[in-house]
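# Breakdown of the fold
Here is what each chain is made of, one letter per residue.
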Amino acid sequence: MKILLPIQIIICTLAISGSAGCSSESQEANPQESKASSSALDLFMAGALAKDVATVDCTLSDGTVTSCYEITVSGTPTNHQVGPFCPRTTSATEDEVGIWLDGENLYEVTGQFILDLPTIYNDDNWMLHDGEGRVRVTETKEAFEAAARPDVGAEYENYCVEGRMEWIDGGKPITTTVQIPVSPVSKRVAIPAQAPLGVTFNGVRIDAAAPVDAILGAYTIAAFDDCGGHVNPFEGYHMHAATGCGELGDAAKGEAPPFAIAMDGFLIHSTIEGGDLDDCNGHTTDEYGYHYHARSPELNGVLTCYMGAIVPSSRSGPPGGGRPRGRPPHGLGPPSGGENSAAPARHDHS
Ligand SMILES: [Zn+2]
Ligand SMILES: [Zn+2]
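Residues numbered from 1 in each chain as written. Chains lettered and ligands numbered in written order. Predicted model: local features only at pLDDT ≥ 70, side-chain atom pairs only at ≥ 80, totals over all residues.

What follows is about the overall build of the protein chain. Of the regular secondary structure elements, the protein chain holds four helices and 19 strands. Residue pairs at least 24 apart in sequence account for 69% of intrachain contacts in the protein chain once pairs closer than 6 positions are excluded. (Helix = DSSP H or I, 4+ residues; strand = E, 2+ residues; numbered from the N terminus. Contact = placed C-beta atoms within 7 Å.)

Strand order in this open sheet of eight strands is S13-S14-S11-S10-S15-S16-S18-S17, and the pairing throughout is mixed. The open sheet has two edge strands with one neighbour each: strand S13 (229-232) and strand S17 (282-285). Across three bridges, the pairing between strand S15 (residues 258-262) and strand S16 (residues 267-269) is antiparallel. Counterpart to Pro258 in the pairing with S16 is His269. (Pairing = 2+ DSSP bridges.)

So, about the environment of Cys305. Here Cys305 lies in strand S19 (residues 305-308). Considering only alpha carbons, one finds Cys305 and Cys280, 25 residues apart in sequence, at a separation of 5.2 Å. Those residues in contact with Cys305, other than ones at most four positions away along the chain, are Ala190, Ile191, Pro192, Ala193, Asp279 and Cys280.

Before going further, it helps to examine the pairing of strand S4 (residues 65-73). Summarising the sheet, strand S3 (residues 54-59) and S4 pair through six bridges and their orientation is antiparallel. By the bridge assignment for S4, Thr59 is matched with Val65. The turn linking S3 back onto S4 is made up of five residues, and Gly63 within it adopts a positive phi angle of 95°. Where S4 lies against strand S8 (residues 176-181), six bridges are found, and the strand directions are antiparallel. Paired with Ile71 across the two strands is Val178, which belongs to S8.

Attention now goes to the nonpolar core. In terms of nonpolar packing, the biggest core is built from 82 residues, with Cys160, Leu197, Ala223, Ala262, Ile268 and Leu303 touching the most fellow members. Examining the composition of this core, we find that four residues originate from one element, S15, more than from any other. Contact partners of Leu197, with chain neighbours within four places excluded, come to Ile206, Asp207, Ala208, Ala262, Met263, Val302 and Leu303. (Core = buried A, V, L, I, M, F, W, Y, C linked by C-beta atoms within 7 Å. Buried ≥ 20, exposed ≤ 12 C-beta atoms within 10 Å, placed from the backbone.)

A separate point is the confidence of the model for the protein chain. Of the residues in the protein chain, 78% reach a pLDDT of 70 or more, and the chain-wide mean stands at 82. Note that residues 1-38 has pLDDT below 50 and, in this model, 70 contacts with residues that lie over four places away or in other chains. Of the regions scoring below 50 in pLDDT, residues 314-348 engages in 68 contacts with residues more than four places distant in sequence or in other chains. (pLDDT = per-residue confidence, 0-100.)

Printed below as a string of structure tokens:
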């Protein structure tokens, strides 16, 4: 994995409270839980939003009638490239490839990883290379779409699966629109997370856990780039694991900077060790109020639940034009017995 240094960004807060200021490190201490959201819009990086944020009426999962931000992210990370994903040869090294994570371990998808698959998963049917040093990778849109479906045809078993932005219908990134409460409403009880879990300040949707069992069951590796994202035909670039890309500024000792906002309006910070986190990986600090920390990347899934109320049926994808909603094309549907049961039936095999 390449070392990705967090971009130092000056965070300018124009809080609703009237206090305005810029800080490169911290915001003023305020235990109010709704603080995070009031300045959250200022945290998005230039180019991360596909359109201006609107404030709309919304009804949350607990019946609260309130105001929500309607946020449309661009669907492409503004501060890092997409990929690389799969190795091309069995001698490919860390800096040429992305990562794989299976809920227990995080791997660099090096050539050696490809060679080691029968050992790693204790199954001699693994053979993602041709025996002569070449790795079998989905090199065309057709191959990618066939290999990315839940019922992978036998001809696309034993492939390293990667999608390219230019294979997305229309050749453009797919935007995601979400409604997020302006003022988070804490429920203090875990609400199962559903995709998208939130959006990142560099313009990407965060998906639920990747359907690892279905992917491995087809002898495929749906590689992620070093930032924990990959491309599928429906959502474009999306992320399943937070590896420290797109963080804002620095954080105090024992803390980590934020990189995203969750669907309930609380911020998501990078992974920390310890920290006495609750069931949803959140806690309250003087500096940040209530916020989440991303689960460690190898665990597959940035969050598993929310502590705040969400808008029940948050829209995703382009509100008009773009791909039709409903059933995905090409019969690509949700994996059987796949990811989070609370996830909408929109996510594909990758
Ligand atoms: Zn924290
Ligand atoms: Zn995915």
